[in-house]
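# Commentary on secondary and tertiary structure
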Amino acid sequence: MKKIVLFASGSGSNAEKIVLHFKTKELAKVVEIFTNNPNAKVLERAKNLNVPAQIFNRQELNEGKVLDKLKEIQPDLIVLAGFLWKFPEHIIKEYPNKIINIHPALLPNYGGKGMYGMNVHQSVLNNKEKETGITIHFVNEHYDEGGIIFQKAVNIEDCQTAEEIADKIHILEHHFFPEVIEKLITHNS
């Protein structure tokens, strides 16, 4: 069985959908959730789903403690599901093409430093875009510049607020992220 490790910084709704998706599959399992936020709701979700969770700080991430824990686990795939820090190069080099991220816009638009969550949706709204979407991509040493794996667009002409856009994006994320992860794992088996 393949091992998936998730990184999340916030509520963990995507993490929960991924864990639940693989609970009924023989293919893979979420074996650990890592978070940089000791107050993140993802910790409560992990506990409720019986998935071990690790809390770490920036120093532990950048100085190799997180990498050491990953080496113990030996994940087949590392999934950033709402993880807000830049992922360190030493981990990316250790796991080439085995780290993926989801971005709440159609990259290369609305990507880069500071472009996450409501910042993205507000920018999309301010620019009067007719559509936005999600991008699932490999992680490299630059924000949101890794190879694109999957994109899905949604019409937002009826949206008046960034929150309405966020709701549409969450529907896409929750539906497609687990499926794309499964296809990636199946393809790499």
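These notes cover the structure that comes with them. (Residues numbered from 1 in each chain as written. Predicted model: local features only at pLDDT ≥ 70, side-chain atom pairs only at ≥ 80, totals over all residues. Heavy atoms only, no water.)

Right, let's get into the nonpolar core. Here is a general trend for soluble globular proteins: nonpolar side chains tend to be buried in one another's company. Counting 39 residues, the largest nonpolar core has Ile 4, Leu 6, Ile 18, Val 79, Phe 177 and Ile 181 as the members making the most contacts within it. Among the elements that make up this core, the one with the highest residue count is helix H7 (residues 162-187) (nine residues). Among the nonpolar cores identified, the runner-up in size contains 19 residues, and Phe 56, Leu 61, Leu 80 and Ile 99 belong to it. (Core = buried A, V, L, I, M, F, W, Y, C linked by side-chain atoms within 4.5 Å. Buried < 20%, exposed > 50% of the residue type's maximum accessible area, 1.4 Å probe, protein only. Helix = DSSP H or I, 4+ residues; strand = E, 2+ residues; numbered from the N terminus.)

Another point: the environment of Thr 35. Within the secondary structure, Thr 35 is located in strand E2 (residues 28-35). Among the residues examined, Thr 35 registers a relative accessible area of 0% and is labelled buried. Through-space distance from the C-alpha of Thr 35 to that of Gly 12 is 9.7 Å; in sequence the pair is 23 residues apart. In this view, Thr 35 contacts Ala 8, Ser 9, Ala 40, Val 42, Leu 43, Gln 54, Ile 55 and Phe 56; residues no more than four positions away in its chain are not counted. At a separation of 2.7 Å, a polar atom in the side chain of Thr 35 contacts the main-chain carbonyl oxygen of Ala 8. (Contact = heavy atoms within 4.5 Å. Polar contact = N/O pair within 3.5 Å; in protein donor to acceptor, adjacent residues only side chain to side chain.)

Along strand E1 (residues 2-8), five of the seven residues are buried, which leaves the element largely enclosed by surrounding structure. Examined bridge by bridge, E1 and E2 share seven bridges and lie parallel to one another. Note that in E2 the partner of Lys 3 across the bridge is Lys 29. Since E1 and E2 lie parallel, the crossover through helix H1 (residues 13-23) that links them has a hand, and here it is right-handed. Looking at chain direction, E1 and strand E4 (residues 77-80) are connected through four bridges and run parallel. Bridge pairing in E4 links Ile 4 to Leu 77. (Pairing = 2+ DSSP bridges. Right-handed = clockwise from strand over helix to strand, strands pointing away.)

The next subject is the side chain of Thr 135. Relative to the helices and strands, Thr 135 resides in strand E6 (residues 131-138). Here Thr 135 falls in the buried class, since its relative accessible area comes to 0%. Separated by 2.9 Å, the side chain of Thr 135 and the backbone nitrogen of Leu 107 make a polar contact.

What follows concerns the environment of Val 5. Position of Val 5 among the secondary structure elements: in strand E1. Along the primary structure Val 5 and Glu 182 are separated by 177 residues, whereas in three dimensions their C-alpha atoms are 13 Å apart. If we skip the residues at most four places from it in the chain, Val 5 touches Val 31, Glu 32, Phe 34, Leu 70, Ile 73, Pro 75, Leu 77, Ile 78 and Val 79.

Within a regular strand, side chains alternate between the sheet's two faces. With six of eight residues buried, E6 is to be regarded as a mostly interior element. Taken together, the four bridges between strand E5 (residues 99-103) and E6 define a ladder with antiparallel strand orientation. Counterpart to Ile 100 in the pairing with E6 is Phe 138.

What follows deals with the layout of surface pockets. Its volume calculated, the largest pocket comes out at about 700 Å³. Gly 82, Phe 83, Leu 84, Ile 102 and Tyr 116 are, among the 36 residues lining the largest pocket, the residues nearest its centre. At the level of secondary structure, the elements contributing two or more residues to the lining of the largest pocket comprise H1, E5, helix H6 (117-126) and H7. In terms of residues, the lining of the largest pocket owes the most to one element, H7, which gives four residues. Across the lining of the largest pocket, the residue classes tally to 16 nonpolar, 16 polar and four charged. (1 Å grid on protein atoms, 1.4 Å probe; cavity = no way out; pocket = protein on both sides within 12 Å on 5 of 7 lines; lining within 4 Å. Points joined across faces, edges and corners; volume = space filled by probe spheres on them. Nonpolar A, V, L, I, M, F, W, Y, C, P; charged D, E, K, R; others polar.)

Overall, the coordinates contain four salt bridges when judged by the stated rule. The residue Glu 182 makes a salt bridge to Lys 25 at a minimum N-O spacing of 3.5 Å. Here the residue Glu 182 occupies a position in helix H7, and Lys 25 occupies one in the loop between H1 and E2, the gap between them amounting to 157 residues. With its nearest N and O atoms 3.8 Å apart, the salt bridge here joins Glu 89 to Lys 93. Of the two residues, Glu 89 and Lys 93 both sit in helix H5 (residues 89-94), four residues apart, roughly one turn of that helix. Taking relative accessible area as the criterion, Glu 89 reaches 40% and is therefore assigned partly exposed. Overall, the relative accessible area of 64% leaves Lys 93 in the exposed class. (Salt bridge = Lys/Arg side-chain N within 4 Å of Asp/Glu carboxyl O.)

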